[in-house]
Amino acid sequence: MVQRGCERNVITYSSLISACEKAGRCELALQLFEQMHEEGCMPNVVTYNSLIAACSHGGHWEKAKECFKRMLAQNCRPDGITFSALITAYQRGSQWREALQAFSHMPSNGCHPDSVVYNALLEVCWGSGVLPVQMRATQVWSLANRSGHFRIYNQNKGDPAVHQHSCVVFTCGAAIVTLLRWLCDVRHKVGHDATSLLRDSVLFALQKGKASRIEQPSSMICDSVRQLLAGHGSPFTVRLVDSTTQLEAGSSELVAWLRSPAFAALAHLVHANSVKRLSLEQLVAEDVALDKSCTDALSYVRTYEQLRGYHKQLQPNMHDPLSSSRQQLLDLALHYSNCFRFQPETCYDAWELLQRLLMAGATPPLGTNAAQWWRLMLVACMMIACKQPAAELPGAIPTYDVVSLNTGVSADNILSCEANIRLVL
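Before going into details, it helps to say that this report is about the structure given with it. Within each chain, residues carry numbers counting from 1 in the order of the written sequence. The predicted origin of the model limits local features to residues at a pLDDT of at least 70 and limits the giving and counting of side-chain atom pairs to 80 or more, whereas totals for whole chains, interfaces and linings rest on all residues. Side-chain descriptors were evaluated using all non-hydrogen atoms of the structure, hydrogens and water having been removed beforehand.

## With respect to the sheet that holds strand S4 (residues 237-241)
By definition, the strands of a sheet pair up through backbone hydrogen bonds, in either a parallel or an antiparallel sense. Note: two strands are recorded as paired if DSSP finds a minimum of 2 bridges between them. A run of H or I in DSSP becomes a helix once it reaches four residues, and a run of E becomes a strand once it reaches two; helices and strands are each numbered from the N terminus. One open sheet accounts for 5 strands, arranged S1-S2-S3-S5-S4; its pairing is mixed. Of all strands in the sheet, those bounded by a partner on one side alone are strand S1 (153-154) and S4. Of the strand pairs in this sheet, strand S2 (residues 162-168) and strand S3 (residues 201-207) are connected by 7 bridges, and their pairing is parallel. Counted as the bridge partner of Val168 is Gln207 from S3. Two residues form a contact once any of their heavy atoms are found within 4.5 Å. Lines fitted to C-alpha atoms define the axes here, with helix axes fitted over just the stretch in contact, and angles between the N-to-C directions of these axes take values from 0 to 180 degrees. On top of the sheet, helix H10 (residues 218-230) reaches S3, S4 and strand S5 (244-250); it is set at about 175 degrees to S4, its chief contact. Packed on one face of the sheet, helix H11 (residues 251-258) meets S3 and S5 and runs near 90 degrees to S5.

Right under this line is the structure:
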């Protein structure tokens, strides 16, 4: 093209980047984008849309996010296609926080979500596994439904013995949330009119529409729906018929299940209004707090497992002075750590220090109570460990009087023992 005298401009570069996007060549698209900048050619919204879409196809949500930031920095106004590609990139990267944040910015940019955005958003929210986020997904579904998406159609003109409904979805998350909303609507109708399901059976079909870049395999959607319903004891038979997931159940069995505690757990996801009213910032803060709690719990479990495994480090033929009281001393270490609110690492370091003393040949003096002596050594090791740099915050280190009160060991004995340990090690 250059050899024939064709000018390289924003149109030619945008076309090349679009071709890379369709071919799944994300890295090449990024290289062309950088080359475009080096030649002083300013990208437009079409260029950025193709570039973000290319990153989306490659699953590179971080690169898509960076491209979007550069787009805003260059005062290039995003459109609906931009947000659609960006949210799809976040969905493929399982980044529900970024996806919801991008979705919240669409109205201020004059953009209206399309079916791709809604399907991607429901997929990433449901796939997060975070209960409040899954509840938020049902709220997004309601918003989409009011805009004309996820319409549930009544198809009772066929078999007169079957109550039939259908809906078009592209992702597992969209299929599951749509199914839950439909089930809640059925339960509501049955509660107000017991004759609303007079037919012998009920059939719900989750269909595929025209081809979409975010659509997931029909078999994956079918399996996701089947696993969800099987886990809650539903009466549905789930099968895949010509790329359509069909769910069928007897009317009486379905009504009984919808009124059972088994379905109540699923209905809670749809009707938990207090959670759905949370702002995005509150939702993220709650998830961060939950993640920290899980991380702390896992850290405690790992510390306990590491401490329990220390006895395996002793050689089989080595005499172990703690053989009869090791477990009791370990339980005591964990109890003290919890009592003084030490970090798990502090407890681990104290136990490791005690093992080093043991390997160095430390044994209770003749005529002393072995259990009390080892308890004193443990408390002294814990005090040494908690004073190490980056172990505990200065205000979190307990005073010797507090330690004495909780352990039954005098402060003077602890100080004296600490000094002796430091001399030995």
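## Some points on empty space enclosed by the protein
Using a 1 Å grid laid over the protein atoms alone, points where a 1.4 Å probe fits but cannot get out form a cavity; open sets with protein on both sides within 12 Å along at least 5 of 7 lines form a pocket; any residue with an atom within 4 Å of a point counts as lining. Grid points are joined across faces, edges and corners, and a volume is the space filled by probe spheres set on the points. Across all of its chains, the model carries 2 cavities of 30 Å³ or more by this definition. Taken as a whole, the largest cavity spans an internal volume of roughly 40 Å³. Polarity classes work like this: nonpolar for Ala, Val, Leu, Ile, Met, Phe, Trp, Tyr, Cys and Pro, charged for Asp, Glu, Lys and Arg, and polar for all others, with Gly in that last group. Within the lining of the largest cavity, the residues separate by chemical class into 7 nonpolar, no polar and no charged. Computed from the structure, the second largest cavity encloses a volume of approximately 30 Å³. Along the walls of the second largest cavity sit Val169, Leu206, Gln207, Lys208, Ser218, Ile221, Ser243 and Thr245, which together make up its complete lining. Considering only residue class, the lining of the second largest cavity consists of 3 nonpolar, 4 polar and 1 charged.

## Quick notes on the packing of helix H15 (residues 326-339) against helix H17 (residues 370-386)
At a closest axis distance of 11 Å, the pairing of H15 and H17 adopts a crossing angle of 40 degrees. In terms of their interaxial angle, H15 and H17 are classed as oblique. The way H15 lies across H17 gives a crossing that is right-handed. Along the contact surface, H15 presents Leu329, Leu332, Ala333, Tyr336 and Ser337, while H17 presents Trp374, Arg375, Leu378, Val379 and Met382. A per-class count over the contact of H15 with H17 returns 8 nonpolar, 1 polar and 1 charged. Here the word oblique covers every angle except those under 35 degrees (roughly parallel), over 145 (roughly antiparallel) and from 65 to 115 (roughly perpendicular). If you view the pair so one helix is near and one far, a crossing is left-handed when the near helix is turned anticlockwise from the far one by less than a right angle, and right-handed when it is turned clockwise.

## Re the pattern of salt bridges
Any Lys or Arg side-chain nitrogen found within 4 Å of a carboxyl oxygen on Asp or Glu counts as a salt bridge. Counted according to the given criterion, the structure contains 7 salt bridges. A salt bridge links Glu418 to Lys387, with the nearest nitrogen and oxygen atoms 3.3 Å apart. In this pair, Glu418 is assigned in helix H19 (residues 411-424) and Lys387 in the loop between H17 and helix H18 (400-407), connecting sequence segments 31 residues apart. Among the ionic pairs, Glu418 bridges to Arg422, the shortest N-O distance being 3.6 Å. Of this pair, Glu418 and Arg422 are both found in helix H19, 4 residues apart, which corresponds to roughly one turn of the helix. By relative accessible area, which is 46% here, Arg422 ends up partly exposed. Connected via shared salt-bridge partners are Lys387, Glu418 and Arg422. Note on classification: 1.4 Å probe, protein chains only; a residue is buried when its accessible area is under 20% of the maximum for its type, exposed when over 50%, partly exposed between these limits.

## Here's the deal with the layout of surface pockets
Empty space within the largest pocket amounts to approximately 250 Å³. Considering the residues around the largest pocket, the lining is formed by 13 residues, among which Leu100, Phe103, Ser104, Pro107 and Leu143 are closest to the centre. Elements supplying a minimum of two residues to the lining of the largest pocket: helix H6 (96-105) and helix H8 (131-146). Residue contributions to the lining of the largest pocket peak at 4 residues, all from H8. Its residues assigned to classes, the lining of the largest pocket comprises 8 nonpolar, 4 polar and 1 charged.

## Brief notes about helix H4 (residues 61-73)
With 13 residues, H4 extends 18 Å between its outermost C-alpha atoms, agreeing within 8% with the 18 Å of an ideal straight helix rising 1.5 Å per residue. Of the surrounding secondary structure, the elements contacted by the buried residues of H4 are helix H2 (26-38), helix H3 (45-57), helix H5 (80-92) and H6. Positive backbone phi, at 55 degrees, marks Asn75, one or two positions downstream of H4. Helix span, expected: 1.5 Å multiplied by one less than the number of residues in the helix.

## Concerning the pairing of S4
Judged from the 5 bridges that link them, S4 and S5 form a sheet pairing that is antiparallel. Within S5, the position partnered with Leu240 by the bridge is Thr245. Here S4 folds back onto S5 in antiparallel fashion, the turn holding 2 residues, of which Asp242 has a positive phi close to 50 degrees.

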